[in-house]
Amino acid sequence: LQNQSPLPPEYRQLEYLESTGTQYINTGVKDNKYISWELRLRATNTSMVSCANGVQDWGSGNILLRIDPDAANRYMRMYFCDHSNIQELLTVQHDNNWHTFYVSNGSQKLDGVEYGQTTMTITNQNRTIYIFSNNTGRAESYCKQQVEYSKIWENGVIVRNYLPALRIANSKPGLYDLVNNQFYIMQALEN
């Protein structure tokens, strides 16, 4: 991959970034109804109680973006909604294969197949999107998964284009954002 990599020479592109269930990445992107998010992942543990990627606010009933390789009932789930209108858009049998999740206002897809057309009215959210964990005001509902890439758009403009990478100088793994030329290292989960 390195010969064809769009990354700066200080970074080595990886096939995927893997979490052991104790790390997460804060994208820095605040969720709102103008966000579109694509995440390609493979769950590596089918016996975990709960797994999630995204952002939610249980207190107000908002689950703005949530992508789960959820193993509680051995299903993968996807949510996209606002206020108390919580809708589970997708429930498919859990597996360890690669899957591409896509959520936007009006279209929610798994592996290119549309499963929902949920729209949102909420415009403001104070929480940022997490990968490998869910942001409920803190990192929780962690994942054991691999991520091949992630892209986030706002109002149709790409604001994050992540590729898995290793910072060569200190062997730190993370996601390199091609849009802002910034490296996001994995952070330890909060207790």
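Predicted model, so just to flag it, every value in this text is computed and none were measured. (Residues numbered from 1 in each chain as written. Predicted model: local features only at pLDDT ≥ 70, side-chain atom pairs only at ≥ 80, totals over all residues. Heavy atoms only, no water.)

### A closer look at the confidence of the model for the chain
- For the chain, per-residue confidence averages 79 on the pLDDT scale, and 71% of positions sit at 70 or higher.
- The secondary structure element of the chain with the lowest average pLDDT is strand 6 (residues 62-68), at 59, and the one with the highest is strand 16 (residues 157-167), at 97. (pLDDT = per-residue confidence, 0-100. Helix = DSSP H or I, 4+ residues; strand = E, 2+ residues; numbered from the N terminus.)

### A word on the packing of aromatic side chains
- Summed over the entire model, instances satisfying the criterion amount to six aromatic pairs.
- Ring plane angle 55° and centroid distance 4.9 Å describe the contact between Tyr11 and Tyr176, whose orientation is recorded as tilted. Residue Tyr11 is located in strand 1 (residues 11-13), and its partner Tyr176 is located in strand 17 (residues 172-177); the two are separated by 165 residues in the primary sequence. For the pair Tyr11 and Tyr176, a shared accessibility class is recorded, and that class is buried.
- Seen in terms of ring centroids, Tyr11 and Phe183 are 4.9 Å apart; in terms of plane orientation they differ by 45°. Their pairing is tilted. (Phe/Tyr/Trp six-rings, centres within 6.5 Å; stacked < 30°, edge-to-face > 60°. Buried < 20%, exposed > 50% of the residue type's maximum accessible area, 1.4 Å probe, protein only.)

### A closer look at the pattern of salt bridges
- Tallying each qualifying case throughout the model produces one salt bridge.
- Across the pair Arg40 and Glu148 runs a salt bridge, and its minimum N-O distance is 3.3 Å. A residue pair is termed long-range when its members are at least 10 positions apart, and Arg40 in strand 4 (residues 35-43) and Glu148 in strand 15 (residues 145-154) qualify at 108 residues.
- Accessibility expressed as a relative area gives 29% for Glu148, which makes it partly exposed. (Salt bridge = Lys/Arg side-chain N within 4 Å of Asp/Glu carboxyl O.)

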